[in-house]
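The lines below spell out each chain.
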Amino acid sequence: MSTVHTHAGHQADTHHDAHDHHGPEKGWRRWVFATNHKDIGTMYLLFSLTMFFVGGTMAMIIRAELFQPGLQLVNPMFFNSMTTMHALVMIFGAVMPAFVGLANWMIPLQVGAPDMALPRMNNFSFWILPFAFTLLLSTLFVEGGAPASGWTMYPPLVLQTGDAFPLMIFAVHLMGASSIMGAINVIVTIMNMRAPGMSLLKMPLFTWSWLITAYLLIAVMPVLAGAVTMLLTDHYFGTTFFEAAGGGDPVMYQHIFWFFGHPEVYIMILPAFGIVSEIIPTFSRKRLFGYDAMVYAIASIAFLSFIVWAHHMFTVGMPLAGQMFFMLATMLIAVPTGVKVFNWTATMYKGSLSFEPPMLFALSFLFLFSIGGFSGLMLAIVPADFQYHDTYFVVAHFHYVLVPGAVFAIMAAVYYWLPKWTGHMYNNALAKAHFWASTIFVNVLFFPQHFLGLAGMPRRIPDYNTQFADWNMVSSIGAFGFGLSQLLLVAVIWQSVRGGVKATDKVWDSGMPHGLEWTLSSPPPYHSFEVAPEVK
Amino acid sequence: MAHAHTTHAPADKYYVPHGSPWPIIGSVSLFTTVLGAALWINESSSGPVLFSVGLLLVAFMFAGWFGTVIKESENRFYNEAVDRSFRMGMMWFIFSEVMFFAAFFGALWYARQYSVPWLGGEGVKVFTNYLLWDNFEAAWPTNGPGDVGGDFETIPAFGLPAINTAILLTSGVTITIAHHALKAGKRGMLNVFLALTFLLGFTFVFLQAEEYMEAYQHLNLTLGSGIYGSTFFMLTGFHGFHVTVGAIMLTVIWIRCLRGHFTPTHHFAFEGVAWYWHFVDVVWLGLFIFVYWL
Amino acid sequence: MLKILKCAAAAIAACLPAGAAFAAWELNMPVGVTELSREIHGLHMLIFWVCVLIAVVVFGAMIYSIVKFRHSKGAIPATFDHSTKVEVVWTVIPIAILVGMAIPAAETLIKIEDMRGSDLSVKVTGYQWQWHYDYIDHNVNFFSRISRDSDAARQLNSGIDPTSVENYLLEVDKRLVVPVDSKIRILLTSSDVIHAWWVPAFGMKKDAYPGFVNELWFRATEPGIYRGQCAELCGYDHAFMPVVVEVKSKQDFDAWLQAQQAGDAPAAQPAAIDSQSDNASATTTVARAE
Ligand code: HEA
Ligand code: HEA
Ligand code: CUA
Ligand SMILES: [Cu+2]
């Protein structure tokens, strides 16, 4: 058995005996030099959890300041910084890495591969992230304060950022590089390493959703990089991409940003769709309804996501034809999304349902994501969006699709696969408590924000007229409750990692035809599939 | 091949390396580089130093990482499946680069199609011109209604840029010849044509630098020349950077060829670089047409 | 069918605001004072009820399944896993609903974008953090910034209770004044960063960009005072640049305009069209000095 420890600078030759069975390396090397998809997946998930708490703490500061009218805790600049950083941390630090972590853990297991296709690059994609967020979070301490121009970084406001400016830009570059490498790895693993017999249309839906998500990532992350590069040169090198005097246009930035930004929001929901499509059949004890349609629906959503970006910009003064086009294209997305919702419902119809924690979260997703989708559809109606735009109605919309949408799906996935990962069942009662607390508080937190928005409260403000006081207080109470509930999640994970009832290979023995991941032991062997399984 | 010591090739299995220090070195070096750049921009004296150290580390990382991969490859650790992974990875990487360029081409297109005409009072923004930029008429090239950076002249398409186009197109031919030579096992021809390719590449970069000097010193065409200067230098500069990287990669591949690496059937690195080179070539055609010519 | 839906929507919409006895617990978008804002409100209610209807059906099916097909109650799972027929149905029906939605939306949008003709044009320039109003054909212009008492109360730990300030954050030192029943054209631009000019009661919101001019129009049908806020993040005091419009009868407006022209107006500020002036603090001091 010869594990090769490659030291920088040394080693005349690298030999490696692949016929041996390896366990993980010992100590810190296992993590820092990691090439194993499970180890890297674990690191992604833990990183994501950390960032969820960091971003959540910022949200708590926002909600505390908004608890009542008047400025009590922070000055407006710091408030804007919190809004900006909260969003960047949640999107790029919590939700996206969580999905990549799940991809790392599950895709090789689901397609019957020994590991991800490009294991060293896999390590690179992960380890860039902590450094990127060190850069981003360090801006909290530099002169001029952290970026405070919203996560959308619109010029010219963003150009007023102080020393934080280049740090933020480079952090975004690094996150982009990480995402692109992660996406390449996913695509190559899926396209090249499927077990014999696993045709594309036999792949589990989580894998499918990630394949399409990865294409989206590769297509749009570079565009974001381009956009922020132009911000950088506008600020420091005299270019005038976004300045009218030189023939540029601030709106040009918005077009480029949202060309990234809209697909980005689907990047945060498609893997969630995949997860829910895994969980609902298992606990309905019935095959997924309309598998092919589900795949085509994801593909259509991904395609449409490239031609709707300007629905974030209805108030910029676009030509009428542009507004019409983007309204219609946006509305169309409801059709494939509807297909998904209907198919999930049809899967449950005449099934035999049980309500373990993953299923509870998936069901909560179904209802609450749909509510977020409905408000999205309302936002797509241009004349109405003239009223909704930049109010809390928008904030309510996107938190419904992101928190009980994306985040709940991630939690469902964790509860679904945690026993597979750790080999232990978790505390069901605690997990259910986490579910009920989260579901109740998330609605107390975000539902009143619809009312606030409709009544006319703009977003990104630290202080408001007294007519908005009551609902804001309700929302803040919901926020604190929701935040505290998340401590339960940590408790459940902690216990399951430490020990507990042994999980079987199948974990959820619902008699459903299962994917390949359930044919392995819990936890799976270090090299997932040493010998590729045969898929019939 | 040329190497005597081969361990038995585990080609029946997908090779999964066990632990590698290079990615973390890569992360640290990227972090150092961008932190240095940020400090530099913020006018801290440690910036340039840190930035340079970072770049050196990046170079060290590439050398070490690719060195490891080359060794593994030469020792036949990689079976066909691994080779395919590399190919797919390279293709999608190139695609991501295409999208990076798309952002800048998009900016050029938007400026010419929308923002400049609008500032000139066309379309839905008549009042923009009437109230703010009364004496501005939309035209291309332009440095905008604010006459940012002062009067400038542009580089005519059918001067240096045309020559550069010819150079890059030729280099596309030479690398294809080199590839055929490699497949036919004609090592001499391979070495010559590959050398020719990267020499053409460096010539291109050299001429591009000449052009920039001309622009800055005689034409008053700078990054600060309004939207024309911005898009011109962003696109050509980003492309020039890619040519430089490509030419360096060609040089590395050439050295490997001299050392006898690659076989007629087994030469992913060569092909990866060739694809990259063609990509750089095609982007240039877009540049020539949309930046210089039209 | 659409008609019925529209009527139903309107009927229930009418009940909603009445139901909410306490203004502070307001649940819905208030109805505005222009024809277009009322139309927008109608669209809002229409799409809202369409969504509610779909939700009732879809959530109903989900809840039914959850209640009816329980493992714990010994439900035996069926084995079907697709049906082309229903899949076509639930693709086509949503498309039909969406087309039905898009048509009235497009009609309203076309009206909104009809900028032809106007009775009064006001050039509005956003500054960090105040508005500048310029009656371009009447030689009247002035800045409009947050009122003094709001400004005092909104300071960090000011010790002043916001509820004690009338129209907290929604009052300015000098309002935009316009005549009733007239098509007012707003020409929007900015001197520094992006702002957005928004008065909910007019159903209109549009961004103000440096270096560009955007247009919007409204025709208020009732005199009164209408309040809104800057609706695009514009930095430190984004929350503190209210928009307040006073709609007066035509006679009152003419009288007001004459008074302004006669010199009641503050000394005319330098015309605020220099888009290059990005020195925010300087402009703020100008306003404070005034
Ligand atoms: C996971 C993230 C996510 C998802 C999935 C969505 C989904 C959708 N979003 Fe959302 N959106 C965001 C995240 C997301 N959004 C964010 C972050 C912002 C704000 C960014 C910022 O400004 O900071 C935003 C903002 C935003 C705007 C801009 C608002 C504004 O600033 O003025 C608009 C406008 O059209 C919009 C529309 C939609 C639509 C139509 C969908 C659709 O995909 C929804 C489709 C789903 C359904 C419709 C429900 C289920 C369907 C059925 C049950 C079938 C039958 C239904 C019908 C026929 C009606 N979104
Ligand atoms: C995936 C993305 C994501 C997620 C998960 C969240 C989660 C949350 N968001 Fe976020 N949010 C965004 C994305 C997201 N948000 C975006 C894109 C914006 C727009 C930004 C912009 O305008 O530029 C935004 C803006 C935004 C605003 C508007 C700010 C403004 O306009 O000024 C608010 C206000 O309520 C808010 C609140 C919350 C809350 C309370 C949560 C909660 O769900 C968070 C819950 C989690 C925790 C609380 C952490 C865990 C628990 C602890 C740390 C224990 C301790 C707890 C206590 C002390 C109570 N968010
Ligand atoms: Cu001005 Cu916000
Ligand atoms: Cu969108």
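To be clear, the structure that these remarks concern was listed above.
Residues numbered from 1 in each chain as written. Chains lettered and ligands numbered in written order. Predicted model: local features only at pLDDT ≥ 70, side-chain atom pairs only at ≥ 80, totals over all residues. Heavy atoms only, no water.

Quick word on the interface of chain A and chain C
- Residue-level contacts link 96 residues of chain A with 90 residues of chain C.
- Buried surface at the junction of chain A and chain C, summed over both partners, amounts to about 7900 Å²; 71% is from carbon and sulfur atoms.
- Counting across the chain A and chain C interface gives one salt bridge.
- A salt bridge links D81(C) to R287(A), with the shortest nitrogen-to-oxygen separation between them at 2.8 Å.
- Linking chain A with chain C are 24 residue pairs in polar contact (both at pLDDT 80 or more), by the criterion used here. (Contact = heavy atoms within 4.5 Å. Buried area = accessible area lost by both parts, 1.4 Å probe. Salt bridge = Lys/Arg side-chain N within 4 Å of Asp/Glu carboxyl O. Polar contact = N/O pair within 3.5 Å; in protein donor to acceptor, adjacent residues only side chain to side chain.)

Some thoughts on a nonpolar patch on the surface
All names here are of chain B.
- A surface patch of nonpolar side chains, amounting to about 550 Å² of accessible area, comprises F158, I289, F290, W293 and L294.
- The topology assignment puts W293 in helix α8 (residues 268-293).
- Note on W293: relative accessible area 48%, which makes it partly exposed. (Patch = residues over 30% accessible without salt bridge, like charges linked within 9 Å, V, L, I, M, F, W, Y side chains within 5 Å. Areas by Shrake-Rupley, 256 points an atom, 1.4 Å probe, with all protein chains shown as cover. Helix = DSSP H or I, 4+ residues; strand = E, 2+ residues; numbered from the N terminus. Buried < 20%, exposed > 50% of the residue type's maximum accessible area, 1.4 Å probe, protein only.)

So, the side chain of H311(A)
All names here are of chain A.
- With respect to the secondary-structure elements, H311 resides in the loop between α9 (291-304) and α10 (320-332).
- One polar contact links H311 to T330, side chain to side chain, over a distance of 2.9 Å.
- Excluding its chain neighbours within four sequence positions, the residues that come into contact with H311 are H262, F326, T330 and D385.

Some details on the environment of I187(A)
- Considering the arrangement of structural elements, one finds I187(A) in helix α5 (residues 164-192).
- Other than its neighbours up to four places away in sequence, I187(A) contacts L211(A), A214(A), Y215(A), I218(A) and W92(B).

A word on the nonpolar core
All names here are of chain C.
- Counting residues in each nonpolar core, the largest one holds 390 residues, and the members touching the most others are Y135 and W197.
- Inspection of this core shows a minimum of three residues originating in each of domain 1 (35-76 + 84-111) and domain 2 (120-270).
- Every residue in contact with Y135, bar those within four places of it in the chain, is listed here: L120, S121, V122, V140, F142, L176, V177, F253, W256 and L257. (Core = buried A, V, L, I, M, F, W, Y, C linked by side-chain atoms within 4.5 Å. Domains from an automatic or database assignment.)

Quick look at the coordination of the iron atom of ligand 2
Residues and elements named next belong to chain A.
- Summarising the metal site, the iron atom of ligand 2 is bound by the protein donors H86 (NE2) and H399 (NE2), whose distances to it range over 2.0 Å.
- Here the iron atom of ligand 2 binds six donor atoms, and the angle range of 88 to 179° at the metal identifies the geometry as octahedral. One end of the pair, H86, is in helix α3 (residues 76-111); the other, H399, is in helix α14 (residues 392-422), with 313 residues separating them in the sequence. With respect to class, H86 is no different from H399; both count as buried. (Donors = N, O, S within 2.8 Å, 3.2 Å for Na, K, Ca; no water. Tetrahedral: all angles 85-135°; square planar, octahedral: opposite > 155°, others 65-115°.)

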